[in-house]
Each structure stands twice: as structure tokens, then as C-alpha cells.
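Single-letter residue listing:
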Amino acid sequence: MTQAPLDVDTATLHAYVDGQLLPEQAAAVADWLLSHPREAQQVLAWREQRASLQALHRDWLDEPVPERLSAALRSDGPPAANAPRWPTAWAAALLLAVGLGIGGLGGWGGHTWWSGKQEAAAKVAALAAARAAGRDPSIPEYVRDAAIAHAVYQPEKRHPVEVGADQADHLIQWLSKRLGQPLYAPVLRDYGWKLVGGRLLPASDDPAMAGGLARAQFMYENDTGERFTLYVSTGASSPEAPVAFRLMQRVEAGQTTRSLFWIDGKLAYALSGNFDERRLRVLADLVHARIGMIARASSSP
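Residues numbered from 1 in each chain as written. Predicted model: local features only at pLDDT ≥ 70, side-chain atom pairs only at ≥ 80, totals over all residues. Heavy atoms only, no water.

Enquirer: Can you help me understand the packing of aromatic side chains in this one?
Expert: Two measures describe an aromatic ring pair: the distance that separates the ring centres and the angle between the ring planes. Counting across every chain of the model gives six aromatic pairs. Ring centres of Trp262 and Tyr269 lie 5.3 Å apart, and the angle between their planes is 15°; on these two criteria the pair is classed as stacked. Following the ring pairs from residue to residue traces out a cluster consisting of Trp193, Tyr220, Phe228 and Phe275. Directly above the aromatic system of Tyr153 lies the positively charged group of Arg199, at a separation of 3.7 Å from the ring centroid. Directly above the ring of Phe275 sits Arg279, whose terminal nitrogen or CZ lies 4.5 Å from the centroid. (Phe/Tyr/Trp six-rings, centres within 6.5 Å; stacked < 30°, edge-to-face > 60°. Lys NZ or Arg CZ within 6 Å of the ring centre and 35° of its normal.)

Enquirer: Would you explain the environment of Leu283 in this entry?
Expert: When you line up the elements, Leu283 lands in helix H10 (residues 277-299). Classification of Leu283 by relative accessible area gives buried; the value is 4%. Taking the C-alpha atoms as reference, Leu283 lies 9.3 Å from Phe228; in sequence the two are 55 residues apart. Residues contacting Leu283, with those up to four places away along its chain left out, are Trp193, Phe228, Leu271 and Phe275. (Helix = DSSP H or I, 4+ residues; strand = E, 2+ residues; numbered from the N terminus. Buried < 20%, exposed > 50% of the residue type's maximum accessible area, 1.4 Å probe, protein only. Contact = heavy atoms within 4.5 Å.)

Enquirer: Sorry if this is basic, but what is going on with the sheet that holds strand E3 (residues 214-221) here?
Expert: Adjacent strands of a sheet pair through backbone hydrogen bonds, lying either parallel or antiparallel. Here seven strands make up an open sheet; going across it, the order is E1-E2-E3-E4-E7-E6-E5 and the pairing antiparallel. Edge positions in the sheet fall to strand E1 (163-164) and strand E5 (246-252), since each has one partner strand and no second. For E1 and strand E2 (residues 194-202), the ladder comprises two bridges, and the chain directions are antiparallel. Looking at E2, one finds that Gly164 is bridged to Gly197. The strands touched by helix H8 (residues 141-153) within the sheet are E2, E3, strand E4 (227-234), E5, strand E6 (255-264) and strand E7 (267-273), with E4 carrying the most contacts at an inclination of about 145°. Of the strands in this sheet, E1, E2, E3 and E4 touch helix H9 (residues 168-179), which is tilted by about 25° from E2. (Pairing = 2+ DSSP bridges. Axes fitted to C-alpha atoms, helices over the stretch in contact; angles between N-to-C directions.)

Enquirer: I'm lost on the side chain of Thr257 in this one. Help?
Expert: Tracing the chain through its elements places Thr257 in strand E6. A relative accessible area of 4% means that Thr257 is categorised as buried. Apart from residues lying up to four places away in sequence, Thr257 is in contact with Ala147, His150, Met248, Gln249, Arg250, Ser272, Gly273 and Asn274.

Enquirer: How should I be thinking about empty space enclosed by the protein in this particular structure?
Expert: A water-sized probe rolled over the atoms picks out the places where empty space is left. For the structure shown, the criterion picks out one cavity of 30 Å³ or more. Estimates place the volume of the largest cavity at around 50 Å³. Lining of the largest cavity is provided by Leu33, Ala40, Val43, Leu44, Arg47, Arg278, Arg281, Val282 and Asp285. If you list the elements that add at least two residues to the lining of the largest cavity, you get helix H3 (37-55) and H10. Taken together, the residues that form the lining of the largest cavity break down as five nonpolar, no polar and four charged. (1 Å grid on protein atoms, 1.4 Å probe; cavity = no way out; pocket = protein on both sides within 12 Å on 5 of 7 lines; lining within 4 Å. Points joined across faces, edges and corners; volume = space filled by probe spheres on them. Nonpolar A, V, L, I, M, F, W, Y, C, P; charged D, E, K, R; others polar.)

Enquirer: How should the nonpolar core be read in this particular structure?
Expert: Soluble globular proteins tend to bury their nonpolar side chains together. Leu33, Phe218, Phe228 and Leu230 are the most contacted members of the largest nonpolar core, which has 46 residues in total. Of all the elements, H10 adds the most residues to this core, at eight residues. Residues within four places of Phe218 in sequence aside, it is in contact with Leu171, Ile172, Leu175, Tyr184, Ala185, Leu195, Gly197, Gly198, Phe228, Thr229, Leu230 and Val232. (Core = buried A, V, L, I, M, F, W, Y, C linked by side-chain atoms within 4.5 Å.)

Enquirer: Which parts of the structure should I look at to understand the packing of helix H2 (residues 23-34) against H10?
Expert: Packed helices, taken two at a time, are described by the angle between their axes plus the distance between the axes. It is at 8 Å that the axes of H2 and H10 come closest, and there the two elements cross at 155°. Our classification of the angle between H2 and H10 gives roughly antiparallel. Here H2 runs over H10; the crossing is left-handed. Residues Pro23, Glu24, Ala26, Ala27, Ala30, Leu33 and Leu34 of H2 form the contact with H10, whose own contacting residues are Arg278, Val282, Asp285, Leu286, Ala289, Gly292, Met293 and Arg296. Looking at side-chain class alone, the contact of H2 with H10 contains ten nonpolar, one polar and four charged residues. (Parallel < 35°, antiparallel > 145°, perpendicular 65-115°, else oblique. Left-handed = near helix turned anticlockwise from the far one by under 90°.)

Written as C-alpha cells, this is what we have:
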């Protein structure tokens, strides 16, 4: 299929990173990035910078606001005659400053800031210990399951999948019924990837996922024999959260499996492969955009 040349400028790439493009536009940009490695590397750097900014001080902002300062925002009674009258916006700004540990606040504020620092240091130490043991508490369990399932089934020659691509319609209907949500296996032949098939997998006890006993795995392969898998789980705990891609790497027996994972609505995805991060991110963007296009077309009257 011949397509008109795509005019991609810096503004388009920024909109792509920020998730502001329509699914059709995002799919076209993802396709364009496959043949423009320099721009793809720049997009990767922007994504990492955006993720770092979003995570900045997020744990402190989630902490409860102290009662003494919360009272300043409530009208529990008439203020004293000599009490200062702070506008609500000023009080909110003060609360935000304390929450972020900004400014030279003395007394209770200074104590809380120091306590917050100590708690943050304890969290960092706990996270470092978990990572030293080979686990990252910030990575959902289903992503680890996805990486393990990829490592187990990706090398298989005779039985890589449970149901082959020659029964794709049956495969998708069966897995959708078992997971209780409509699933989609995007067609990627025009990008050099063909669907091998898929399988049903059991769900582990993952506190990040609200329910569901089953998960699905789809496998794709290119002409050189490379494979990637798309692992799908239901019961996302934050279905209203914006789509954000995160990376996990798992090394076993000298082989590195990289998984990019994201939540979109009620479904959580993990795309796993044994190739570099740049290619994996482009594929994840492409798969996400294609699934969005299929979902929109399926829901149209």
C-alpha cells in the first residue's frame, strides 16, 4: 500500500511524545520513526525526561496534609479579631510548599521537612535493597510475569503458541471471553511483523491488578526470526490514568529481556523483546496506536 510522504517536524514529535496525536497520526509517526533512527533516539530522550519530571517529588505530594495546616483552609468558626486573613490560594500555596520541602519554614514546618527527608531516605534504602535482591517494588507483578512468559515461549520452535494465527478470529474471541474484556491483536504485516498466535496464561497474585484469573499472550515474528510478545492483563487499578510507557529489564542466563508496559483503560499491557530499547519503544508506540484504531473502529456505529 503506497502512502503519501509524511511531513514530521519537531512540533509533531513533541505532540507524539505528549500523547496529543490521534491514533491514526500516532501510528503514522511510529512507522516514520522506524526508518529515522536519529529522530527516534531524540523521541526516546524526550520520553525519559518527561517520565523523570512526572515522578519528581510524587511520593511527598501523596503524603497526608498536616492537621494544623489543613485547619487553615477550614472555616471552623469566626477568626479572632487579630488573626491574619489569608486568602485560600495563599494557604494552598503554603501547603504545597511544605509538601515539597521548599523554603525556610521553621517550627513544625522544619520538623516535618526533616522527617520527610528521613522517610524519603528510608524509602530509597528499601528500594535499593529490593533491587539488590533482583526485585523492584515499583514494577507490577504482571510485568515480571510477562517477561518470564516471553523468555519461556519465545525460543520454542514447534510449540511457541497455543492457538496459531490461522485461527486468529477464534483466538481473539476465546481470549476476550476468558479475560472478560475485548482484546485486539493488531495486524503489523506492513511493518514486517506477522502474528504467530497466542495463548492463555494464569494470573499471579498481583496487588496492582484488581482481579481476573487469566491473562493473554500474543506472539509476533519477523522474516529474520526475531520475536516479540504482547502480554495483556485485566483489572488495572488506575484505569483513568494517562497512558505512560515504562521500561523493565530482566537478565537471566546472560540474555536480556526488555519489557515496555503501560495501562490503557481497563487493560494493562507489557510488550517484551530481546532487542534494544529504541526498537522496543517504537514497536510499543505502534502497537498501542494500532489497538486504539481497532477499538475505535469496533465501537463506531
